[in-house]
Amino acid sequence: GIRVSRLAFPETVFEARIYGNLIGTDITGQAALPNIQGIRIEKQHAASAGDYVKIGGTGVGEANVIAGNTGDGIYVTTATSDLVGAHFSIAGNVIGMDWTRTTPLGNGGNGITFEGPLEAVVADNVISYSAGRGVSILGPLTNHGRGVVLARNEIYENTLHGIDLGGNGRTS
């Protein structure tokens with residue numbers, strides 16, 4: 001899989017762009033070639049203005065196929081947060097299916113997991129066939145800003161909940 005980690009130098013800008021990859025599949029994008037986690041993004045210091053993490057996109061060639069991994073498809077964690085101006089985006093990806101979007105290749109954990117105080121936009125993804133949840137937001141959410149925005153995603157056929165806030169099952 002892909003791991004992007006910033007454990008030291010908290011004052012520096014954290015930037016990662018991941019797009020156009022087959023993660024957890026073979027070169028055809030149609031058979032599993034699993035990793036433990038598809039993509040792991042971690043920053044153990046405060047996320048801050050200028051931080052930029054983009055996984056996928058809606059432009060030609062930007063989508064990732066993230067499928068067939070034994071753990072989560074995408075796992076994002078931050079320790080503390082000062083996210084005014086930070087940009088985290090997960091968009092246009094196929095998570096839990098082959099590149100043709102016709103064959104289930106679910107991840108063994110959640111499709112996407114967020115842990116820690118952060119803000120992110122998750123939009124225009126297919127998130128399906130995970131052995132866990134489609135999207136798990138473990139929080140805590142930020143005291144300012146918008147938290148995690150989920151928009152225009154197709155989330156279906158996951159073993160547990162499609163969207164789980166707090167990691168404790170159904171949220172009423």
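Residues numbered from 1 in each chain as written. Predicted model: local features only at pLDDT ≥ 70, side-chain atom pairs only at ≥ 80, totals over all residues. Heavy atoms only, no water.

**Observations regarding empty space enclosed by the protein**
Rolled over the atoms, a probe sized like a water molecule indicates the empty space that remains. What counts is decided by this rule: Here a cavity means grid points, on a 1 Å grid over the protein atoms only, where a 1.4 Å probe fits yet cannot get out; a pocket means an open set of points with protein on both sides within 12 Å along at least five of seven lines; lining residues are those with an atom within 4 Å of a point. Grid points are joined across faces, edges and corners, and a volume is the space filled by probe spheres set on the points. Here a strand is any run of E in DSSP of at least two residues, a helix any run of H or I of at least four, and the numbering for each starts at the N terminus. Polarity classes work like this: nonpolar for Ala, Val, Leu, Ile, Met, Phe, Trp, Tyr, Cys and Pro, charged for Asp, Glu, Lys and Arg, and polar for all others, with Gly in that last group.
Per the stated rule, a full pass over the model turns up one cavity of 30 Å³ or more. For the largest cavity, the calculated volume is near 50 Å³. Together, Ile41, Val53, Ile55, Val76, Phe88, Ser89, Ile90, Phe114 and Ala120 line the largest cavity. Breaking the lining of the largest cavity down by element, the ones donating at least two residues are strand S5 (52-56) and strand S8 (87-91). Considering every element that reaches the lining of the largest cavity, the biggest residue donor is S8, with three residues. Counted by class, the lining of the largest cavity contains eight nonpolar, one polar and no charged residues.

**Overview of the nonpolar core**
Using the following cut-off: Residues belong to a common nonpolar core when they are buried Ala, Val, Leu, Ile, Met, Phe, Trp, Tyr or Cys residues joined through side-chain atoms within 4.5 Å. Buried, partly exposed and exposed residues are distinguished by accessible area as a fraction of the type maximum, computed with a 1.4 Å probe on protein chains only: under 20%, between the cut-offs, and over 50%, respectively. Note on contacts: a residue pair qualifies if any of its non-hydrogen atoms lie within 4.5 Å across the two residues.
Judged by nonpolar contacts, the single largest core of 24 residues is most densely connected at Ile39, Ile41, Ile55, Ile74, Ile90, Ile112 and Phe114. Secondary-structure elements contributing two or more residues to this core are strand S2 (15-18), strand S4 (39-43), S5, strand S7 (74-78), S8, strand S10 (112-115), strand S11 (120-123) and strand S13 (135-137). Every residue in contact with Ile90, bar those within four places of it in the chain, is listed here: Ile55, Ile74, Val76, Ile112, Phe114, Val121, Val122, Ala123 and Asn125. Ranked by size, the runner-up nonpolar core spans six residues in total, among them Val65, Ala67, Val94 and Val126.

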